[in-house]
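Observations on chain architecture
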Amino acid sequence: IYGRNFGDIILQTIAADITQLAEESEGIGCRYNADGFFLYMAHHWNYEKPLERIQFHLSELLKETEIHVRMGICQGTFRSISIEQSFDRALYACNSLRENFTSAFAVYDEKMHEEEVRKARILSDFADAVEKRQFSVLYQPKYNIHGEFPVLSSLEALVSWSHPEFGKMRPDTFIPQFEKNGLIQKLDKYVWKEAACQMRKWKELHGTTIPVSVNVSRVDLHDPKIVDYLLQITKENDIDPSQFLLEITESAYIDDNNILVETVKKLREAGFKVEMDDFGSGYSSLNMLATLPIDAIKIDIGFIRKIIYDKKTMYLVNVIIGIAKEFGIPCIAEGVETKEQLDLLKNAGCEIVQGYYFSKPVSPEEISELRKKAIRQDI
Ligand code: C2E
Ligand code: CA
Ligand code: CA
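In what follows, the accompanying structure is described. Every value quoted in this text rests on a predicted model; they were computed, and no experiment measured them. (Residues numbered from 1 in each chain as written. Chains lettered and ligands numbered in written order. Predicted model: local features only at pLDDT ≥ 70, side-chain atom pairs only at ≥ 80, totals over all residues. Heavy atoms only, no water.)

1. Observations concerning the packing of aromatic side chains
Using the following cut-off: When two rings of Phe, Tyr or Trp (its six-membered ring) have centres within 6.5 Å they constitute a pair, described as stacked for plane angles under 30 degrees, edge-to-face for angles over 60, and tilted for the intermediate range. Each helix corresponds to a stretch of at least 4 residues labelled H or I by DSSP, and each strand to a stretch of at least 2 residues labelled E; elements are numbered beginning at the N terminus. Accessibility here uses a 1.4 Å probe with only protein chains present; expressed as a share of the type maximum, an area under 20% marks a residue as buried, one over 50% as exposed, and anything in between as partly exposed. Charges are assigned to positions over rings by a cutoff of 6 Å between ring centre and Lys NZ or Arg CZ, combined with an angular limit of 35 degrees from the ring normal.
Evaluation of the coordinates by the stated rule reveals 19 aromatic pairs. An angle of 35° between the planes, with centres 6.1 Å apart, marks the rings of Trp 161 and Phe 178 as tilted. Taken together, the residues Trp 161 in strand E6 (residues 151-163) and Phe 178 in helix H6 (residues 171-181) connect sequence positions 17 residues apart. Like Trp 161, the residue Phe 178 is buried in the burial classification. Members of the aromatic cluster, connected to one another through ring pairs, are Phe 126, Phe 135, Trp 161, Phe 174, Phe 178 and Tyr 190. Above the plane of the ring of Phe 166 lies Arg 118, whose end atom (NZ or CZ) is 4.4 Å from the centre. Against the face of Tyr 229 rests Lys 189, its NZ or CZ located 5.0 Å from the ring centre.

Structural data, given as structure tokens:
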């Protein structure tokens, strides 16, 4: 804000404190990068002291609210590791404080170590897991509740990982890791293909097709070949693209609207149906509705959790259902767990629901059983 020269003065002020702290403790201090400094010093427990000194000198230059100093600490309890690794760990602890404005320092501990090892394992085990078929695809039914009895209308494919060491893992524990480094594209293609093959198997078994939706990550939408790939797997499995639904999370739309809108248009021109997932969780919801052509709105689970006890949330859900009606597209509520939630949604005119109230995500075999039962009962 105050220009480059003033920025230099700030860095020099920090550097002077770091130098002094190093001298006092017979340690070594240096600048690491832009506004990062390293300090190697004798162990002591009062972490606040060095930080306070830096904060104090900075506040002479700036108002307190204008700067936030973070410090990550790696104590010498890991004697087996190199000095570089020690600093990497201190950095890891320091980065854990990003967006945390209540505490100024973090100590690298066993928990962080486990987390770091686990994250690294998740990434390095990916290739092996695909090869050994540790990823499986579960299906969660969505029901149409418009009529007197709920009718199975489609299924959502959700991935799950049976890790040899960590056991069954929920997608939330590994998908964010894969999204950061592009592996998600491989995983998604795998899931889409599995889902397409499964649809063919069900068609052979039951004679009819039930639409299946798959999750599409933001990264996937930047792949110029996505349309061709989806056309290829649906063709190979003799599936009409209109039966293959694509769930795109609303938060994907913040990135690069143009590319996204173009890709979604191409997907729809190819015959695929697009559902806007987690609707209402981002900040571009209404804006996106105006520019993006979509075939269904999925109300975010966060709303459904609150409708029972929060009138305002129920009011918003009514509004979302109303918008879907105006657009002539169905509205899907996810995460429905109780009869009360179901009744509220049904009364509000919500057409499709998904959630534990009806079923958890289950194996393809369980879906087959469910469909046989439905045929016998003629619903
Ligand atoms: P999502 O797309 O919003 O999927 C719905 C999540 O809500 C699923 O969690 C589902 O199991 C859970 N759920 C369904 N009904 C209920 C309910 O009644 N109560 C509660 N509390 N939860 C319910 P899951 O399987 O853990 O998946 C989490 C997220 O991981 C998904 O959220 C999706 O964003 C992502 N994901 C899952 N599979 C894939 C995939 O193959 N590719 C990509 N890119 N993302 C995936
Ligand atoms: Ca979804
Ligand atoms: Ca969702």
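2. What to know about empty space enclosed by the protein
To be explicit about the condition: The distinction between a cavity and a pocket rests on a 1 Å grid over the protein atoms alone: a 1.4 Å probe fits inside a cavity but cannot get out, while a pocket stays open yet meets protein on both sides within 12 Å along at least five of seven lines, and a residue with an atom within 4 Å of a point counts as lining. Grid points are joined across faces, edges and corners, and a volume is the space filled by probe spheres set on the points. Ten residue types, Ala, Val, Leu, Ile, Met, Phe, Trp, Tyr, Cys and Pro, are classed as nonpolar, four, Asp, Glu, Lys and Arg, as charged, and the remainder, Gly among them, as polar.
Following the criterion strictly, the structure yields one cavity of 30 Å³ or more and no others. In this structure, the largest cavity spans a volume of roughly 30 Å³. Lining the largest cavity, in full, are Gln 185, Lys 189, Trp 192, Asp 220, Asp 223 and Ile 226. Ranked by residues supplied to the lining of the largest cavity, first place goes to helix H7 (residues 183-206) with three residues. Of the residues in the lining of the largest cavity, the class split is two nonpolar, one polar and three charged.

3. Observations concerning the coordination of the calcium ion (ligand 2)
Threshold: Each metal site is built from N, O and S donor atoms within 2.8 Å (3.2 Å for Na, K and Ca), and since water is not included, such sites may look incomplete.
In the first shell of the calcium ion (ligand 2), the protein supplies Glu 156 (OE), Asn 215 (OD1), Glu 247 (OE) and Asp 277 (OD), at 2.1 to 2.4 Å from the metal. Read from N- to C-terminus, the donor residues coordinating the calcium ion (ligand 2) fall into the pattern E-x58-N-x31-E-x29-D. Here the calcium ion (ligand 3) and the calcium ion (ligand 2) are spaced 4.2 Å from one another, each receiving a donor from Asp 277. Residue Glu 156 is found in strand E6, and its partner Asp 277 is found in strand E10 (residues 273-279); the two are separated by 121 residues along the sequence. This pair shows no difference in class: Glu 156 is buried, exactly as Asp 277 is.

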